[in-house]
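# Structural characterization, general
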Amino acid sequence: MLYGLIVFLPLIGAILAGLFGRWLGDRGSHIVTCGLVTASALLSVPAFWFVAIQGNTQIVELFPWIISGELEASWALRVDQLTAVMLVVVTSVSAVVHWYSIGYMHDDPHQPRFFAYLSLFTFAMLALVTADNFIQMFFGWEGVGLCSYLLIGFWYHKPSANAAAIKAFIVNRVGDFGFALGICAVFFVFQSVEFDAVFEAVPRFVDTEIEFLGTHLDTLTVITILLFIGAMGKSAQIGLHTWLPDAMEGPTPVSALIHAATMVTAGVFMVARLSPMFEYAEFTLMLVTIVGALTAIMAATIGLVQNDIKRVIAYSTCSQLGYMFFACGVSAYQAGVFHLFTHAFFKALLFLGAGSVIHAFSGEQDMRRMGGVWRMIPMTYALMWIGSLALGGIPLFAGFYSKDIVLEAAWGAHSGVGQLAFVLGIMAAGLTAFYSWRLLFMTFHGHSRASHEVLHHVHESPPVMIVPLLFLAAGAVFAGMLFAPLFVGDNHGFWGDSIFVLASHTALEEAHHAPLWVKLLPLVVAVTGIGTAYWMYIARPELPARLAEQHRELYRFFLNKWYWDELYDILFVRSARAIGTFFWKKGDEATIDGYGPNGVASRVLDIARRAARLQTGYVYHYAFVMLIGVVAFVTWYLFIVGM
Amino acid sequence: MDWPILSTLTFLPLVGALFILVVRGEGDVVARNARNIALWTTVITFFLSLLLWINFDVEEAGFQFEERVGWIAEGIDYHMGIDGMSLPFILLTTFLMPICILASWTSIQTRVREYMIAFLVMETLMIGVFGALDFVLFYLFFEGGLIPMFLLIGIWGSDNRVYATFKFFLYTLLGSVLMLLGILWLYFQFGTTDIPELMRAGIDPFWQRLLWLAFFAAFAVKIPMWPVHTWLPDAHVQAPTAGSVILAAVLLKIGGYGFLRISIPILPDATVTFTPLVYALSIIAIIYTSLVALMQEDMKKLIAYSSIAHMGFVTIGLFTFTPAGVEGAIMVMLSHGLVSAALFLCVGVVYDRLHTREIARYGGLVNRMPLYAFCFLVFTVANVGLPGTSGFVGEFLVLVGAFQVNTWVAFFATTSVILSAAYALWLYRRVVFGELTRADLKEILDLNRREVAILAPLVALIILFGVWPVPLLELFHAPVENLIEQHEAALAGVRNTLNFAAAR
């Protein structure tokens, strides 16, 4: 009942605001959606207590969904420790974002629709994290994708927003291509899609082979790689990350909720949830580590040079997701989920803070036209500092605990890929600190580069926007120190059976015994990064331009986001359109029709025109030809019999 | 049931058509009465079909509500009956008919009486084809259904209707003649055209292959499969809205139903022989037509191409001979029946207002038509196969079934996950989103009550069967299981004989 309420209250809110929004009005929609999501958030606290602290995991069966042969999937709510953590993250950030949006969206003419989408998203995300089988997980997975599509394209009159929305959906679908095949493979191998049944059977399939696309491959490796492709799409990992920066076309609260705190972390959640499968697939774990590490460094390099405030934070999200993945890749799922947990708070804070900045600058997002306003919006300024300190991994702030344990676990894996992840992770940490403070300095310090008119209007956001930020700020400060002992401490009891790690995978254990230099290095590079940012943007503001000039090629490479979009445009978009046109004009029209019906039809039409003069109406033609058919048959029959 | 409910259901629309025929009076009065009679007839037929569902025993794998009366000759009886594979199609037909009549309420102004008669006759023929258990009877309904469709396109169609009608005609003719030959061969060989009896006939493998190809010609054109699909986009473009609805929702399904009812059970050996062919054509269809759909500039053509891609899923699923695959294929057909109908109705709504199907003429409709945008969105995501809509259940089951049989097939079929999203969202974006710029669109009105009444039940069913498809799935569990068992038994039988022959 409790869990049912947590999951379905947001859905009720979405339906009420979505279908009856025109009668409820803006105010009514606010009350309904914010009220129900907040209720859901409050209920998730006792849920966390019962499940995570007291260890009462539970599976609530609702009703059957798809039953076909051996395949049985039900709607169910699986609430274990991992789910409980996600419930807290999703409902609390969602509630905060709902409240914040009342202020942020107050001029928008379509508020009921906006709040309906937000609540629907919350429901879909909750359905994802409470799934008890692969298919319901896929439901939540696609549901959040749909809401993301709708919310990115919320301002539907903007062509760029529409393009970004479609791009997000389709790139995600490329990932889902793998996910869907993965589910098929799971059912093919295990004859079930229920988590417990599958997890229980996994050890029996170690070192077995499956025939996939004509080759014999290791069963669990194939399945986990397919599923991981899905995770890469949703969590914007290298190669499938291109949609995330574009998704910033959506309203800023959406970026905070969906594209920072919750939806994009679904891939990490999936890998953690499926840890009983991934643990037995060494190759896939290696792949996860490499992909995560490469994403972390790639996104960080792009983040260095972007000028749009939201894009900087978007690339930072992409990079942090990379950290979470390589933590999972070295079997430190707990560390990955812990970073997911803290990241949700400080990244939502940064995004909403950025929203407050954008709000203050009358909609301006380009940092080159900001600056010099920290005295005018002190609250926002302070909150952005807290978010950046947490992201940069400065001691006592949340990110310090989670990022350090992730890096230490990478070191503690004592494997080649672990070392790679550690080195790239350390480099990315330095870059992270650099671009975070670059953002702070460009936005708030120096001489203002905004126009007089804009500067005149700069104002602090209303309380309905600031108060939710205070809540997130509390999370960004305390979430690390409070939960570190619980989530990644020496006592591993917290996660129960929800995360499975083979006894031979000791990265997390080793992490606790990391030498001092490993523990200190992230801090050293972070401080160096901050110092460099100070030097380049406060002390010597002319330096960045000169550097860009000196290293022109590299600068352009980063600025243009490693040219992924251009590459994909040529490889997929253009070629799909060209092939489509070719099939249509040359295939259907010229070949099939040309040699088929049109060729024949031109003959038939000649005859038919003559016949039509006698009698109009196609029934007669039809009957006539049927008759010919019968005659032909009888002739043939007689011929056979005659033989 | 001690009265022939199935025949009553089948011929009830015909009775309505007779009533319309005798209506006398002024033009307007005739039109009004014709519409009302047609609506009431189809509504009553729908409720009668629900009675069929209520009294249907889902545990029973065999035929129910059977009726048999002597007919043309010894062995060719009027034999009707349904099982769980035919009932949902009957329900689909009867459910969509009142919607079609309502959709034509104002858009058809010429020859209303003839139009309604054509529709009612078509309903009889469509229910008949799903209820027929005699091959000759099946053929009669199968072919007969084309005649009203020709008339609908030929008389009430758009500008280029003659070309479309002839194309439609040529293709279907080719298939039907071959099927007729096959039926007659069966009759002269076995002295019966009773479908259940033919399933037990055990036809010689060589002849099975010839017959299979003959029937394949008929069903592949109907469903349609690549490369005999090009009649469909033209027929859809030219047909009036309700004609497109019936064409996409029901007539295409007759092809799939034909495979299910005839090719697979009667010709098991040949079915296996030609399975690779079916896979190949289906995969080509999925990828090829999805890419073609991406480039279309006409709304109806785009949806027509997307239909062909979806039918590729149907043929793959049917020929996996796994429970998931076959049930998934049936589910895809049913879901596509709802979704494609809904999409064509959506085109009809704006076509009635602006009289163009050209995508570029629209844009920004959401500004004036939020309700329409919402319905269209539900149908679009159902077309994309989003979980939670009926579109997902079937496609997913087909993929599951395909993966069990051949991973290459599953791999290529799954590309539809990406391609369908591309063409469907691109259509939606161009029609619904964006700035409202054109002058004539600025006055466009949102759905009226009649249109809401048409689209709301479709929205509800698409979501209901997406979340809770069990009522449909349980209908065809037993017969599909039976079908697969018999298929395997038949194959084993053939192999045994062959082994025996080899041993001798």
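Report follows, based on the coordinates.

The next subject is the overall build of chain A. On a plain count of helices and strands, chain A comes out with 26 helices and four strands. Over its C-alpha atoms chain A spans a radius of gyration of 29 Å, differing by no more than 12% from the 26 Å that the globule rule assigns to 643 residues. Along the first, second and third principal axes, the C-alpha set of chain A runs to 100 × 65 × 55 Å. Scored against the burial criterion, the 643 residues of chain A give a buried share of 61%. Entry remark: accessible area of chain A is about 23700 Å², with carbon and sulfur atoms responsible for 68%.

With that settled, consider the packing of helix 14 (residues 323-354) of chain B against helix 16 (residues 370-384) of chain B. Residue and element names in this part refer to chain B. At a closest axis distance of 9 Å, the pairing of helix 14 and helix 16 adopts a crossing angle of 145 degrees. Crossing handedness for the pair helix 14 and helix 16: left-handed. Facing helix 14, whose interface residues are Val339, Ala342, Leu343, Cys346, Val347, Val349 and Val350, helix 16 presents Tyr372, Phe376, Phe379, Thr380, Ala382 and Asn383. For the contact of helix 14 with helix 16, the class distribution of residues is 11 nonpolar, two polar and no charged.

This part takes up the pattern of salt bridges. All names here are of chain A. With the rule as written, the count across this model stands at 22 salt bridges over all chains. Salt-bridge contacts for Glu249 lead to Lys158; the nearest nitrogen and oxygen are separated by 3.3 Å. Residue Glu249 is located in the loop between helix 8 (243-246) and helix 9 (252-261), and its partner Lys158 is located in the loop between helix 4 (134-152) and helix 5 (159-190); the two are separated by 91 residues in the primary sequence. On the accessibility criterion, Lys158 (27% relative accessible area) is partly exposed. Put simply, Arg78, Asp80, Asp132, Asp196 and Arg273 are held in one network by salt bridges that share partners.

Backbone phi values are negative for most residues with the exception of glycine, while trans is the configuration of most peptide bonds. A cis amide bond, omega 0 degrees, links Trp226 of chain B with the succeeding residue Pro227 of chain B. With respect to the helices, strands and loops of the structure, Pro227 of chain B is situated in the loop between helix 9 (205-222) and helix 10 (231-238). Positive phi, normally seen in glycine, also occurs at Leu396 of chain A, with a value near 80 degrees. Inspection of the secondary structure assignment puts Leu396 of chain A in the loop between helix 15 (378-392) and helix 16 (398-412). Residue classification places Leu396 of chain A among the exposed positions, given a relative accessible area of 53%. One non-glycine residue, Phe321 of chain B, lies in positive phi territory at about 55 degrees. Mapping Phe321 of chain B onto the fold places it in the loop between helix 13 (299-318) and helix 14.

As a further point, take empty space enclosed by the protein. Scanning the model with the defined rule gives 11 cavities of 30 Å³ or more in all. Considering only enclosed or pocket space, the largest cavity measures out at about 110 Å³ in volume. Lining the largest cavity are Phe138, Glu142, Arg173, Asp176 and Ala180 of chain A together with Val384, Gly385, Phe392, Glu395, Phe396, Leu399 and Val417 of chain B. Elements represented by at least two residues in the lining of the largest cavity include exactly helix 4 and helix 5 of chain A together with helix 17 (390-405) of chain B. Top contributing element to the lining of the largest cavity by residue count: helix 17 of chain B, with four residues. When its residues are assigned to classes, the lining of the largest cavity shows seven nonpolar, one polar and four charged. A volume near 80 Å³ is recorded for the second largest cavity. Around the second largest cavity, the lining residues are Ala103, Thr241, Leu345, Gly348, Val349, Asp352, Arg450, Glu451, Ile454 and Leu455 of chain B.

Now for the interface of chain B and chain A. Chain B puts 83 residues into the contact, and the matching count from chain A is 72 residues. Note on chain B versus chain A: buried area summed over both sides is about 6900 Å², and carbon and sulfur give 77% of it. Sorting the residues of chain B by area buried against chain A places Phe166, Met295 and Phe403 of chain B first, and these three jointly supply 10% of that buried surface. Counting the contacts that link chain B with chain A gives zero salt bridges. Between the two partners, chain B and chain A, sit 10 residue pairs in polar contact (both at pLDDT 80 or more). For the side of chain B that touches chain A, the element with the highest residue contribution is helix 7 (residues 161-190) of chain B, accounting for 14 residues. Along the lines of polarity and charge, the residues of the side of chain B that touches chain A split into 60 nonpolar, 15 polar and eight charged.

So, on to the layout of surface pockets. Here the second largest pocket defines a volume of roughly 1300 Å³. Looking at the second largest pocket, it is lined by 36 residues, and the ones nearest its centre are Ile170, Phe572 and Val573 of chain A together with Ile418 and Ala422 of chain B. Broken down by secondary-structure element, the contributors of at least two residues to the lining of the second largest pocket are helix 5, helix 7 (219-234) and helix 24 (564-595) of chain A together with helix 12 (268-294) and helix 19 (416-431) of chain B. When the residues that make up the lining of the second largest pocket are grouped by side-chain class, the tally is 23 nonpolar, five polar and eight charged.

Under the defined criterion, the tally for this structure stands at 84 aromatic pairs over all chains. Taken together, the ring pairs connect Phe8, Phe63, Trp65, Trp75, Phe123, Phe138, Phe139, Trp141 and Phe179 of chain A together with Phe392 and Phe396 of chain B into an aromatic cluster. Above the face of the Tyr323 of chain A ring, Lys403 of chain A is positioned so that its terminal group lies 5.4 Å from the ring centre. The ring centre of Phe142 of chain B lies 4.4 Å from the NZ or CZ of Lys222 of chain B, which sits over that ring.

Turning to a nonpolar patch on the surface, a few remarks are in order. Taken together, the side chains of Ile12, Ile15, Leu16, Leu19, Phe20, Trp23 and Leu24 of chain A together with Phe374 of chain B make up a nonpolar region of the molecular surface, amounting to roughly 760 Å² of accessible area. Take Trp23 of chain A: it is sitting in helix 1 (residues 2-53).

Residues and elements named next belong to chain A. At their nearest, the axes of helix 2 (residues 81-104) and helix 14 (residues 333-360) sit 10 Å apart, and the two run at 5 degrees to each other. Comparing their axes, helix 14 and helix 2 come out roughly parallel. Here Leu82, Val85, Met86, Val89, Ser92, Val93, Val96, Val97, Tyr100, Gly103 and Tyr104 of helix 2 lie close against helix 14, whose contacting residues are Val337, Leu340, Phe341, Ala344, Phe345, Ala348, Leu352, Gly355, Ser356, Ile358 and His359.

In this structure, Met277 of chain A together with Phe379 of chain B are the most contacted members of the largest nonpolar core, which totals 438 residues. Considering each element in turn, this core owes the most residues, 20 residues, to helix 14 of chain B. Setting aside residues no more than four positions away along its own chain, Phe379 of chain B makes contact with Val339, Ala342, Leu343, Cys346, Leu455, Leu458, Val459 and Ile462 of chain B.

Criteria and thresholds
Residues numbered from 1 in each chain as written. Chains lettered and ligands numbered in written order. Predicted model: local features only at pLDDT ≥ 70, side-chain atom pairs only at ≥ 80, totals over all residues. Heavy atoms only, no water. Helix = DSSP H or I, 4+ residues; strand = E, 2+ residues; numbered from the N terminus. Rg over C-alpha atoms; globule rule 2.2 N^0.38 Å. Buried < 20%, exposed > 50% of the residue type's maximum accessible area, 1.4 Å probe, protein only. Areas by Shrake-Rupley, 256 points an atom, 1.4 Å probe, with all protein chains shown as cover. Axes fitted to C-alpha atoms, helices over the stretch in contact; angles between N-to-C directions. Left-handed = near helix turned anticlockwise from the far one by under 90°. Contact = heavy atoms within 4.5 Å. Nonpolar A, V, L, I, M, F, W, Y, C, P; charged D, E, K, R; others polar. Salt bridge = Lys/Arg side-chain N within 4 Å of Asp/Glu carboxyl O. 1 Å grid on protein atoms, 1.4 Å probe; cavity = no way out; pocket = protein on both sides within 12 Å on 5 of 7 lines; lining within 4 Å. Points joined across faces, edges and corners; volume = space filled by probe spheres on them. Buried area = accessible area lost by both parts, 1.4 Å probe. Polar contact = N/O pair within 3.5 Å; in protein donor to acceptor, adjacent residues only side chain to side chain. Phe/Tyr/Trp six-rings, centres within 6.5 Å; stacked < 30°, edge-to-face > 60°. Lys NZ or Arg CZ within 6 Å of the ring centre and 35° of its normal. Patch = residues over 30% accessible without salt bridge, like charges linked within 9 Å, V, L, I, M, F, W, Y side chains within 5 Å. Parallel < 35°, antiparallel > 145°, perpendicular 65-115°, else oblique. Core = buried A, V, L, I, M, F, W, Y, C linked by side-chain atoms within 4.5 Å.

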